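# Overview (structure and organization)
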Amino acid sequence: MAGFRRPFEVVDHAALMRTHQPPPEYFEGDWLLGPEEIEARQLAALQTRARSAYEVPFFRDRWDAAGFHPNDLKSLEDLWQVPAYQVDDIRKSIEAHPPLGDYQGADLANAAQEPLRVFMSGATTGAPRPTLYTQWDREAGAILMARALYLQGVRPGDVVVNAWAYSTHNGAFAFDEALHKWLSCVVLTTGTGNVTSSRRQVELACQYQATAILTTGDYLLHLAEVAVEMGLDPKKDFNLKALPNIGDRAKLEEVFGVPNYQSYGFHEVQWVAQECPARAGLHVFEDAYVVQIVDPDTGERVPDGEPGCLCVTETYKTGSPQFRYNIQDLSVLHPREQCECGSWLRRIGPFAGRADNMIKLRGVNVWPEAVGAIAVDDPRLEGDYFVRARREGTRDEMIVHLTTRAEAGDHAAIAAAAEARLKERLGVRIAVELGAPGSLDAWTEIHTSPKPKRFRDERAD
Ligand SMILES: [Zn+2]
């Protein structure tokens, strides 16, 4: 068949590894680049990426309408001229051009020549959104992920349990590729608790002395409970060296005796930023991304260090672009400074909530994630929470549901303390209701969704 190419034939791996150094050499190399070199490389990559994005109708139409042309991109500053877009724009593109939208820079009809994979968003906020990945995009994305896992403590040759769902979602496959192809780790592909029982997950992790179990922080804590029921000690019988799990940091570290570092990424662009042991922010992989912060309401530039929405441009892909995607995740971008770890890569704050979840509660802007973080800040509470907004008469009311193992007789005092914390920190009254561990699972979908749900707006019901 003319022009047929196999995936391993389309990527120049020497060029790939020059552009995006894999671990461990990355941490002796490009991780330590000086600010001028970082930004010079960023600009060159941005210019190349702008030219390829301009070939894609979704971007060309927007840029033409805004009077922007890729040739206008002469400095990193010029990126501010490019119109941003949000998830709704992607949704409209899919509706108008099903099933792939007009934002893909790759073509299924050409897959024999340019091998592709397709993955879909986890649909935490609406209908699933597909992304086509070229082989280069898979490999480069896997290198970034391998760096993040290395920074968290995974080492070449380790056995790692992958308890994410192998599904239409990218997560499990992206971890699998990063571990196997770029760290030579042996992956135990257990999938979720629905595929491999929790007891079996624990047995496998202990028998094979896995150094990490990839899943949500909540499910990992559940596995620790199961291990205890089986007469095992989570600190001694597991061999965990890394906690690449998003969840209750203090609890995870306490249960497993291993440091937990925060990370940030999302479906369309994969792994963006990773906290280093200095714990002073998440370093952006700037050979692959330019990150900006914009005002949640106006989309205008926000000064360094002030909170706003992350607006992300990837520069590493060859297929479906994301160029000034206002992802509406809240964070801050710190000024470029050298970190204690030696890196000059810019740092963002941890994920601080969703801008489109913002609730105006009696004149105060409130984010459910912020409510949750404050509410659970008590050792008598588990880390789980779920927030509901309701209309009662003419007033908006908010209720946060929490879980505890405390005796029923102590519930009133624990709830009152949480209500007092919320009132003091947020300036509004929010009601607290307590339940037993697991009582929120149907709302949070914690065992079935890659990102737990934390909020439901019932004011229109
Ligand atoms: Zn650092």
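The written sequence of each chain sets the order in which its residues are numbered from 1. Where local features are concerned, this predicted model is filtered to residues with pLDDT of at least 70; where side-chain atom pairs are given and counted, the filter is 80 or more; whole-chain, interface and lining totals use all residues.

### Notes on the nonpolar core
A set of buried Ala, Val, Leu, Ile, Met, Phe, Trp, Tyr and Cys residues, joined to one another through C-beta atoms within 7 Å, is what we call a nonpolar core. Working definition of burial: number of other C-beta atoms within 10 Å of the residue's own, with buried at 20 or more, exposed at 12 or fewer, and partly exposed in between, all C-beta atoms being placed from the backbone. One finds Met145, Leu149, Val160, Ala178, Ile213 and Val272 to be the most contacted residues of the largest nonpolar core, which totals 108 residues. Examining the composition of this core, we find that eleven residues originate from one element, helix H6 (residues 135-151), more than from any other. Residues are scored as being in contact if the C-beta atoms we place from backbone atoms lie within 7 Å. When sequence neighbours within four positions are dropped, the list of residues in contact with Leu149 reads Val154, Ala178, Leu179, Leu183, Ala242 and Pro244. Counting five residues, the second-largest nonpolar core is a separate cluster that includes Ala106, Phe119, Leu132 and Tyr133. Secondary structure elements follow DSSP: runs of H or I no shorter than four residues count as helices, runs of E no shorter than two count as strands, and numbering proceeds from the N terminus.

### A short note on the sheet that holds strand E4 (residues 186-188)
Strands qualify as paired when DSSP identifies two bridges or more between them. In space, the three strands of this open sheet follow the order E4-E3-E5, with parallel pairing throughout. Here the strands that pair on one side only, and so sit at the sheet edges, are E4 and strand E5 (212-214). Averaged over all adjacent pairs, the angle separating strand axes in this sheet is 25 degrees, with direction ignored. As judged from the three bridges shared by strand E3 (residues 159-162) and E5, these two strands associate in the parallel manner. By the bridge assignment, Val160 is partnered in E5 with Ala212. Seen against the sheet, helix H7 (residues 171-182) touches E3, E4 and E5 and runs at an angle of roughly 170 degrees to E3. All axes here are fitted lines through C-alpha atoms, helices being fitted over the stretch that makes contact, and every angle between N-to-C directions spans 0 to 180 degrees.

### Quick word on the domain arrangement of the protein
Source of the domain bounds: an automatic or database domain assignment. Under the domain assignment, the protein is made up of domain 1 (7-138 + 264-348), domain 2 (153-260) and domain 3 (358-457). Each partner contributes residues to the interface: domain 2 has ten residues there, and domain 3 has six residues. Each residue gets one label: Ala, Val, Leu, Ile, Met, Phe, Trp, Tyr, Cys and Pro are nonpolar, Asp, Glu, Lys and Arg are charged, and the others, such as Gly, are polar. Residues belonging to the side of domain 2 that touches domain 3 are distributed by class as follows: two nonpolar, five polar and three charged.

### Comments concerning the environment of Pro130
Relative to the assigned elements, Pro130 resides in strand E2 (residues 130-134). In this structure the C-alpha to C-alpha distance between Pro130 and Glu445, which are 315 residues apart in sequence, comes to 22 Å.

### What about the sheet that holds strand E12 (residues 347-348)?
An order of E6-E7-E8-E12 is seen for the four strands of this open sheet, with the pairing classed as antiparallel. Only two strands of the sheet have a single partner each, and these edge strands are strand E6 (263-266) and E12. Across four bridges, E6 lies against strand E7 (residues 270-275) in antiparallel orientation. Directly across from Tyr264, in E7, lies its bridge partner Ala273.

### Concerning the environment of Arg425
You can see Arg425 is positioned in helix H12 (residues 411-426). Taking the C-alpha atoms as reference points, Arg425 and Ala370, separated by 55 residues in sequence, lie 9.9 Å from one another.

### Considering the packing of helix H11 (residues 368-375) against H12
H12 packs onto H11 with a crossing angle of 130 degrees between their chain directions and a minimal axis gap of 9 Å. When the axis of H11 is compared with that of H12, the two are oblique. Considering only the axes of H11 and H12, their crossing is right-handed. Between H11 and H12, the residues in contact are Val371, Ile374 and Ala375 and Ala418, Arg421, Leu422, Arg425 and Leu426, respectively. The scheme is simple: roughly parallel for angles under 35 degrees, roughly antiparallel for over 145, roughly perpendicular for 65 to 115, oblique for anything else. We call a crossing left-handed when the near helix sits turned anticlockwise from the far one by less than a right angle, and right-handed when that turn is clockwise.

### Observations regarding the packing of helix H9 (residues 217-229) against helix H10 (residues 249-256)
Two elements in contact, H9 and H10, have axes whose closest approach is 10 Å; the angle formed by their N-to-C orientations is 30 degrees. For the element pair H9 / H10, the angle class is roughly parallel. Crossing of H9 against H10: the hand is left-handed. In this structure, H9 uses Gly217, Leu220, Leu221 and Ala224 to contact H10, whose residues at the interface are Lys251, Leu252 and Val255. Taken together, the residues that form the contact of H9 with H10 break down as five nonpolar, one polar and one charged.

### Details of the environment of Trp63
Along the chain, Trp63 falls in helix H4 (residues 57-66). On the neighbour-count criterion, Trp63 (21 C-beta atoms within 10 Å) is buried. Counting along the chain gives 37 residues from Trp63 to Leu100, while the straight-line C-alpha distance between them is 20 Å. Beyond its immediate chain neighbours, meaning those up to four positions away, Trp63 contacts Tyr54, Phe68, His69, Val82 and Pro83.

### Description of unusual backbone geometry
Residue Pro24 follows Pro23 across a cis peptide bond; omega there is 0 degrees. Tracing the backbone through its elements, the reader meets Pro24 in the loop between helix H2 (13-19) and helix H3 (35-53). That bond from Pro98 to Pro99 is cis: its omega, -5 degrees, falls within 30 degrees of zero. When you line up the elements, Pro99 lands in the loop between helix H5 (87-96) and strand E1 (116-120). Even without a glycine there, the phi angle at Gln270 is positive, about 75 degrees. In this structure, Gln270 sits in strand E7. Looking at Gln270, the number of C-beta atoms within 10 Å reads 28, which means it is buried. With a phi angle near 65 degrees, Gln328 is a residue other than glycine that sits in the positive phi range. You can see Gln328 is positioned in strand E11 (residues 325-331). C-beta crowding within 10 Å serves as the criterion here: with 20 such atoms nearby, Gln328 is assigned to the buried category.

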